[in-house]
Amino acid sequence: MRTYYLKPPAVSWGIVFPITWILAFYLRSPRDFAELVPGLIAMTALFSTTAAEAVVINFELRLGSLERLLLAPIGVPAVFLGKVLGGALFGLIMTAAVALGSILALGLSVNVVYLLMVLIPALLAFSSLGALLCVMVREVFEAQTLLNLPRFLMIFLSGVVYPVSAMPRALQALAKVLPLTYAVDGLRAAFWGPGAAAYVDALVLLGFALAFVVPGMRLLARRFE
Amino acid sequence: MNVDRVIQVEGLTKAYGELLAVAAISFEVQEGELFGFLGPNGAGKTTTIRMLTGLARPTSGTARVLGLDIRAQAAQAKRHIGVVPEQSNLYDELSARDNLLFMGKLFGVPRGERRRRAEGLLRMFRLEDRKNSHFAALSRGMKRALTIAAAMVHHPKLLFLDEPTLGLDVAAARSLRALIAGLHDQGVTVFLTTHYLEEAGLLCDRIAILVSGKVVRTGTPAELKRAAEGESVIEVRFGKPVPEARDVFTSRLPGAQVVAMNGHELRILGGDPAQAYRVVFAFSEEKEVAIEAVNTVKPSLEDAFLKITDLSPVAMTQEKGK
Ligand SMILES: Nc1ncnc2c1ncn2[C@@H]1O[C@H](COP(=O)(O)OP(=O)(O)OP(=O)(O)O)[C@@H](O)[C@H]1O
Ligand SMILES: [Mg+2]
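Definitions and cut-offs
- Residues numbered from 1 in each chain as written.
- Chains lettered and ligands numbered in written order.
- Predicted model: local features only at pLDDT ≥ 70, side-chain atom pairs only at ≥ 80, totals over all residues.
- Heavy atoms only, no water.
- Helix = DSSP H or I, 4+ residues; strand = E, 2+ residues; numbered from the N terminus.
- Rg over C-alpha atoms; globule rule 2.2 N^0.38 Å.
- Buried < 20%, exposed > 50% of the residue type's maximum accessible area, 1.4 Å probe, protein only.
- Near = heavy atom within 4 Å.
- Polar contact = N/O pair within 3.5 Å; in protein donor to acceptor, adjacent residues only side chain to side chain.
- Areas by Shrake-Rupley, 256 points an atom, 1.4 Å probe, with all protein chains shown as cover.
- Nonpolar A, V, L, I, M, F, W, Y, C, P; charged D, E, K, R; others polar.
- Pairing = 2+ DSSP bridges.
- Donors = N, O, S within 2.8 Å, 3.2 Å for Na, K, Ca; no water.
- Contact = heavy atoms within 4.5 Å.
- Buried area = accessible area lost by both parts, 1.4 Å probe.
- Axes fitted to C-alpha atoms, helices over the stretch in contact; angles between N-to-C directions.
- Phe/Tyr/Trp six-rings, centres within 6.5 Å; stacked < 30°, edge-to-face > 60°.
- Lys NZ or Arg CZ within 6 Å of the ring centre and 35° of its normal.

(A) Summary view of the overall build of chain A. If you tally the helices and strands in chain A, you get nine helices and zero strands. Its C-alpha atoms give chain A a radius of gyration of 17 Å, near enough to 17 Å, the size a compact globule of 225 residues would have. Its C-alpha atoms give chain A principal-axis dimensions of about 55 × 30 × 30 Å. Out of the 225 residues belonging to chain A, those deemed buried represent 55%.

Put into structure tokens, the structure is as follows:
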């Protein structure tokens, strides 16, 4: 099944896009780049998981192979969870590569336990957000378009580029309901502390994952009524 | 559980908004039977299969598959049923063999056993030399065959086939029918849908005729043929195409059903045979078209179908090109 993740939309949105951004940031300000690493890791997690969901869900819905899975003694929830986990795994591979690359290249030090503790819930939250949005539409390109709204909203509001604390109050409030904010914050904590923040962020991210999974399953089930 | 009756359906209904895709149908399928659901496009065949296999929720009515309620115990029932959907939807990027192995895995067939079964099925479905080809690269007929094989990996007791031979050429359809008959001989209960009358007549032990969401008649091919027994059937062949003949005959022959088989052949079912002959000859003189042949024939399954449904079997097969 891994062949899916190499379909063009997954490659362009899930792999090429984050790497381009990272390079762009690096070239603009090589000196401050280290500051941006947690945000870029979080962004990679967001793009790679959601792009993967669009492919695994929408391709399979269109080809009818998702339906084939349901002919086996597997319920809709299991199929949905399988998709979420698959996307999170793809994201983990991508993100680990980016994280490892930038840590080694810049000689940063990081608390690996905290890093994983934040990263894994973050991947699950983004993957289930992707899955939820993808089951709402039929085609892969529709899914990519729909996904871009939260993606770009979050990139600009969640502290990837500008710290949340430097934003106007109203936008800060908005940032509080975006999962990427917690991923960025948690990853910063993994690099520079305090560790306590990582625990809180991890829990919030798990909460987001749950909040996306439940309606996603419902929506998918509704397609088979 | 009562496994003599592998499928029991009562008052099964599926509404899509205003549209009753399946309208309170009832039927039973016995163990080991090859049961055919025959009906034109949009009759509700696929919808029925989707409900029986847990892919669509019935609006009302009850159905038991292998003694299990399809609402409450669908997951349990799925273990023992195989489904071949209308569209062959295996994974394009996987080889024939890997597709079978994957399906085996989904159904929890142990690894070694999975391999053995995949090999066996590839042999049985004559796909051995293509086992490493990607699904996408197979011919239509091979895809269909592999899709059936994929539905058999977990040794289901009951196999659903939705239009197995749709879109296949004559030879491919024939070999696929032989395979289906082979599965039936091994004791698998088969539920198939088709809109090929001939296919239903050749393969099925019993047929239910479905029109606009309703089962209008159920019986063995022989029983269905009897519906047209005692009716006269006259075949006429003109020397050139006469598109107006059908309407002329219909208006002049009360009580008869007239079907245009093709441009210059017609079939007149029922009514008064003597009058039918007179009308045919009169028509030939009026229009100055030669009659190549007129025969009285025994009613066929086609005639029975026409009598029962009022649908021309020709019109039905013409719709198939999708
Ligand atoms: N998901 C759906 N939503 C709305 N209407 C539907 C849906 N699925 C089927 N229908 C309608 O239900 C009716 C029966 O469709 P169904 O696919 O069961 O027919 P069928 O007998 O399988 O026809 P065919 O020979 O074309 O495969 C059709 O009028 C169809 O348009
Ligand atoms: Mg159909």
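(B) Summary view of the site of ligand 1. Residues and elements named next belong to chain B. Lining the immediate surroundings of ligand 1 are 15 residues, of which Gly-42, Lys-45, Thr-46, Thr-47 and Glu-86 lie closest. In the model, an oxygen atom of ligand 1 is placed 2.8 Å from a nitrogen or oxygen of the Gly-42 main chain. One nitrogen or oxygen atom from the main chain of Ala-43 is found 3.1 Å from an oxygen atom belonging to ligand 1. If ligand 1 stood free it would expose 630 Å²; the protein chains cover 64% of that surface. Going through the elements one at a time, strand 2 (19-30) and helix 1 (45-52) are the ones with two or more residues in the shell around ligand 1. Examining the composition of the shell around ligand 1, we find that three residues originate from one element, helix 1, more than from any other. Within the shell around ligand 1, the residues separate by chemical class into five nonpolar, six polar and four charged.

(C) Quick look at unusual backbone geometry. Residues and elements named next belong to chain B. With a phi close to 50°, Ala-24 is a non-glycine residue in the positive phi region. Along the chain, Ala-24 turns up in strand 2. One non-glycine residue, His-155, adopts positive backbone phi at about 50°. Along the polypeptide, His-155 turns up in the loop between helix 5 (140-152) and strand 7 (158-162).

(D) Representation of the pairing of strand 3 (residues 34-38) of chain B within the structure. Residue and element names in this part refer to chain B. Counting buried residues in strand 3 gives five out of five residues, a clear majority hidden from the surface. Of the pairings in the sheet, the one linking strand 3 to strand 8 (residues 189-194) comprises five bridges and is parallel in character. Looking at strand 8, one finds that Phe-37 is bridged to Thr-193. When strand 3 meets strand 9 (residues 206-211), the two strands line up parallel, connected through four bridges. Paired with Leu-38 across the bridge in strand 9 is Ile-209.

(E) Here's a closer look at the coordination of the magnesium ion (ligand 2). For the magnesium ion (ligand 2), the full set of protein donor atoms is Thr-46 of chain B (OG1) and Glu-86 of chain B (OE), and the range of their distances to it is 1.8 to 2.5 Å. Remark: Glu-86 of chain B occurs in the loop between strand 6 (81-84) and helix 3 (96-106) and Thr-46 of chain B occurs in helix 1; sequence separation between them is 40 residues.

(F) Up close: helix 11 (residues 301-309) of chain B. Residues and elements named next belong to chain B. Counting buried positions along helix 11 yields seven of nine residues, so the element is predominantly enclosed. All of the buried residues along helix 11 are Leu-301, Asp-303, Ala-304, Phe-305, Leu-306, Ile-308 and Thr-309. Immediately downstream of helix 11, the backbone of Asp-310 shows phi near 65°, a positive value.

(G) Expanded view of the interface of chain A and chain B. Contacts between chain A and chain B engage 18 residues on the former and 22 residues on the latter. Ranking the residues of chain A by area buried against chain B places Arg-68, Leu-71 and Pro-73 of chain A at the top, with a combined share of 39%. The interface formed by chain A and chain B includes three residue pairs in polar contact (both at pLDDT 80 or more). Residue assignment for the side of chain A that touches chain B shows that the elements contributing at least two residues are helix 2 (33-63) and helix 3 (65-71) of chain A. Here the side of chain A that touches chain B gets six residues from one element, more than from any other, and that element is helix 3 of chain A.

(H) Structural view of the sheet that holds strand 14 (residues 291-297) of chain B. All names here are of chain B. Ordered by their spatial adjacency, four strands build an open sheet running 12-13-11-14, and the pairing between neighbours is antiparallel. Each of the sheet's edge strands pairs with one partner strand only, and the pair in question is strand 12 (256-262) and strand 14. Recorded for the sheet is a direction-independent mean angle of 15° between the axes of neighbouring strands. Strands in contact with helix 9 (residues 245-252) are strand 11 (233-238), strand 12 and strand 13 (265-270); relative to strand 12, the strand with the most contacts, it is inclined by about 170°.

(I) Local environment of the environment of Leu-178 of chain A. Residue and element names in this part refer to chain A. Here Leu-178 lies in the loop between helix 7 (169-175) and helix 8 (179-192). Note on Leu-178: relative accessible area 9%, which makes it buried. Sequence-wise, Leu-178 and Leu-157 are 21 residues apart; in three dimensions their C-alpha atoms are separated by 8.3 Å. For Leu-178, the residues in contact, after removing those within four places along its chain, are Leu-153, Met-154, Leu-157, Ser-158 and Phe-208.

(J) Fine view of the packing of aromatic side chains. Residues and elements named next belong to chain B. This structure, assessed with the given rule, holds 16 aromatic pairs over all chains. Summarising the aromatic geometry, the rings of Phe-37 and Phe-191 are spaced 5.0 Å apart at their centres and angled 50° between planes, so their arrangement reads as tilted. Residue Phe-37 is found in strand 3, and its partner Phe-191 is found in strand 8; the two are separated by 154 residues along the sequence. Of the residues examined, Phe-37 reaches a relative accessible area of 0% and is grouped as buried. Three or more aromatic residues link up through ring pairs in this structure, and these residues are Phe-27, Phe-35, Phe-37, Phe-160 and Phe-191. The ring of Phe-135 carries Lys-143 above its face, with NZ or CZ at 5.4 Å from the centroid.

(K) Broad picture of the sheet that holds strand 7 of chain B. Residue and element names in this part refer to chain B. Read across the sheet, six strands follow the order 6-7-8-3-9-10 without closing on themselves; strand pairing throughout is mixed. Among the strands making up the open sheet, the edge pair consists of strand 6 and strand 10 (214-219). The average undirected angle you get between the axes of adjacent strands in this sheet is 15°.

(L) How the structure looks around the side chain of Gln-257 of chain B. Along the chain, Gln-257 of chain B turns up in strand 12. Aside from chain neighbours lying at most four places away, what touches Gln-257 of chain B is Arg-267, Ile-268, Leu-269, Leu-306, Lys-307 and Asp-310 of chain B.

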